[in-house]
Structures are given as C-alpha cells and as structure tokens.
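# Fold and contact review
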Amino acid sequence: SILFFLLASSSGVSSFTPLALSRRNNHRSKNRSTINMDNDSSSSGNGSTASTTPRHPHCDLPGDPSLILTTNVDLGNDKGDILKQLSALVAKVTKKPESYVAVCITDNADMIFGGSTDPLALGCVYSLGAINMENNGAIQSGVTDALEKYGVAEGRIYINFFDVPRENLGWNRATFAG
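Below is a summary of the structure that appears in this document. As the structure is a prediction and not an experimental result, all values here were calculated from the model.

Attention shifts here to helix H3 (residues 79-94). Compared with an ideal rise of 1.5 Å per residue, which puts 16 residues at 22 Å, H3 spans 22 Å between its outermost C-alpha atoms and is within 8% of the ideal. Inspection of H3 places Ile82, Leu86, Ser87, Leu89, Val90, Ala91, Val93 and Thr94 among the buried residues, and these make up the whole buried set. Summarising the contacts, the buried residues of H3 are in contact with strand S5 (66-71), strand S6 (102-106) and helix H4 (133-148). Directly after H3, the chain includes Lys95, whose backbone phi takes a positive value near 60°.

So, in structure tokens, the structure goes:
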C-alpha cells in the first residue's frame, strides 16, 4: 500500500507525495536523517531548489498497531490467552511484526449498550496504515470469535478503526514523524 504525505509547496498549494517516493529520495541521501523534497519549480514559478527537512530515524518504521478492548464480561484465567490470540490476529491482518503490536483488554467493566448491560465489548484499533475495509472486517470477525464463548453477541461489539497520522503517534520520546 502507498501512504501519502501532505506537503506544502512554496506557492502555498498543497500536494500529495507517495511514501514510496519519499523513501526513494531518502535512500539517495547518504544521511538517513534527512529527506530531499523536490519542489516543482514549474508549478511554483519561483524556481526554488530542493529543500532538506530533518527526519527522525523511526520515520520509516511500519508503525505500532494497537487494539484496546473493553468488555463487561469476566475473561477469567483465559485473559492472557485472548491477549496473545488478538495480538497474533492484529499482526497477521495488518502484515506487521507482532513485536510492533500492542493489545490491552479491560474486562469486568461497567458498561451499557442500547440501554442493556448484557455482554458487550467496545474497542479501538490504531495503526499507521493497514486500516481498510478488508483488514477492519477481519479484525472485527476475530475479536467476535474470541469473545463468542463468553456470551458477547456479534451485534454487541463495536470497534472503531483509526489510521493515525505519523505525527500523532508517539514512541520512544518522539513521534513517528520525527
């Protein structure tokens, strides 16, 4: 998949640049902490030359998909196994190393959905890329499978999916944008 960055040109007109192009330009530079962004002088009319923007070394990492799940059922001693099952699921579906995946499950929560406290679950998946209809459906289905034996009906599980911009995801004292 191709990710796009919004770049502002000197003329004030924004354009989208594929991540693949950014990586190609980054590869040309011997200094991996900078990336050259070629301004299109024909469109800006000012004949500007390439500029250099500092980049954090983690900018080209795939990201950290996270699943945060809350349910009002008691998962008991199976909670650790469910954490591992869902971690493997998110890694497989997003095609990212499981070492990047974080999963948090809170069970026995006070919750209500549709005016009823019957078994339910609410979740959020955050990822740099890999958020799309196919992947979202696979994760939704996998979570449903994992909670089914605890009485959580498929119609009582909501998961929100967020494709997080690199500048809005922090790790290791920085964001993935730098």
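Let us now look at the sheet that holds strand S8 (residues 157-163). Pairing is mixed across the open sheet formed by 4 strands, whose spatial order is S6-S5-S7-S8. Where the open sheet ends on each side, the last strands, each with one partner, are S6 and S8. Within this sheet the neighbouring strands show an average axis-to-axis angle of 10°, counted without direction. Looking at chain direction, strand S7 (residues 121-127) and S8 are connected through 7 bridges and run parallel.

On to the pairing of S6, then. The sheet contact formed by S5 and S6 spans 5 bridges and is parallel. Bridge pairing in S6 places Thr70 opposite Thr106. Handedness of the S5-H3-S6 crossover: right-handed.

Here we come to the packing of aromatic side chains. Here the structure, examined in full by the defined rule, presents 3 aromatic pairs. Both rings, one in Tyr126 and one in Phe162, keep their centres 5.2 Å apart while their planes meet at 15°; by these two values the pair is stacked. Remark: Phe162 occurs in strand S8 and Tyr126 occurs in strand S7; sequence separation between them is 36 residues. Measuring from ring centre to ring centre gives 6.0 Å for Trp171 and Phe176, while their planes differ by 15°; the resulting arrangement is stacked.

A separate point is the packing of H3 against H4. Two numbers describe how H3 lies on H4: the axes approach to 10 Å, and their chain directions differ by 165°. Viewed along their axes, H3 and H4 adopt a mutual orientation that is roughly antiparallel. The element H3 and its partner H4 pack so that their crossing is right-handed. Two secondary-structure elements touch here, H3 through Ile82, Gln85, Leu86, Leu89, Val93 and Thr94 and H4 through Asn135, Ala138, Ile139, Gly142, Val143 and Ala146. A breakdown of the residues in the contact of H3 with H4 according to their chemical character gives 8 nonpolar, 4 polar and no charged.

Moving on, we come to unusual backbone geometry. In this structure, Lys95 is a non-glycine residue whose phi angle is positive, near 60°. Along the chain, the position of Lys95 falls in the loop between H3 and S6. A relative accessible area of 71% places Lys95 in the exposed class. Located in the positive-phi region is Asn108, a residue other than glycine, with phi close to 60°. Structurally, the position occupied by Asn108 is in the loop between S6 and S7.

Following the sequence through the fold, Arg156 ends up in the loop between H4 and S8. For the buried Arg156, no salt bridge is present, and the opposite-charge side chain at shortest range is Asp118, 5.1 Å distant. A distance of 3.0 Å separates a polar atom in the side chain of Arg156 from the backbone oxygen of Asp118. Engagement of the side chain of Arg156 in a polar contact is seen with the backbone oxygen of Pro119, the distance being 3.0 Å. Every residue in contact with Arg156, bar those within four places of it in the chain, is listed here: Phe113, Ser116, Thr117, Asp118, Pro119, Leu120 and Ala121.

Definitions and cut-offs
- Residues numbered from 1 in each chain as written.
- Predicted model: local features only at pLDDT ≥ 70, side-chain atom pairs only at ≥ 80, totals over all residues.
- Heavy atoms only, no water.
- Helix = DSSP H or I, 4+ residues; strand = E, 2+ residues; numbered from the N terminus.
- Expected span 1.5 Å × (residues − 1).
- Buried < 20%, exposed > 50% of the residue type's maximum accessible area, 1.4 Å probe, protein only.
- Contact = heavy atoms within 4.5 Å.
- Pairing = 2+ DSSP bridges.
- Axes fitted to C-alpha atoms, helices over the stretch in contact; angles between N-to-C directions.
- Right-handed = clockwise from strand over helix to strand, strands pointing away.
- Phe/Tyr/Trp six-rings, centres within 6.5 Å; stacked < 30°, edge-to-face > 60°.
- Parallel < 35°, antiparallel > 145°, perpendicular 65-115°, else oblique.
- Left-handed = near helix turned anticlockwise from the far one by under 90°.
- Nonpolar A, V, L, I, M, F, W, Y, C, P; charged D, E, K, R; others polar.
- Lys, Arg positive; Asp, Glu negative; His and termini not counted.
- Salt bridge = Lys/Arg side-chain N within 4 Å of Asp/Glu carboxyl O.
- Polar contact = N/O pair within 3.5 Å; in protein donor to acceptor, adjacent residues only side chain to side chain.

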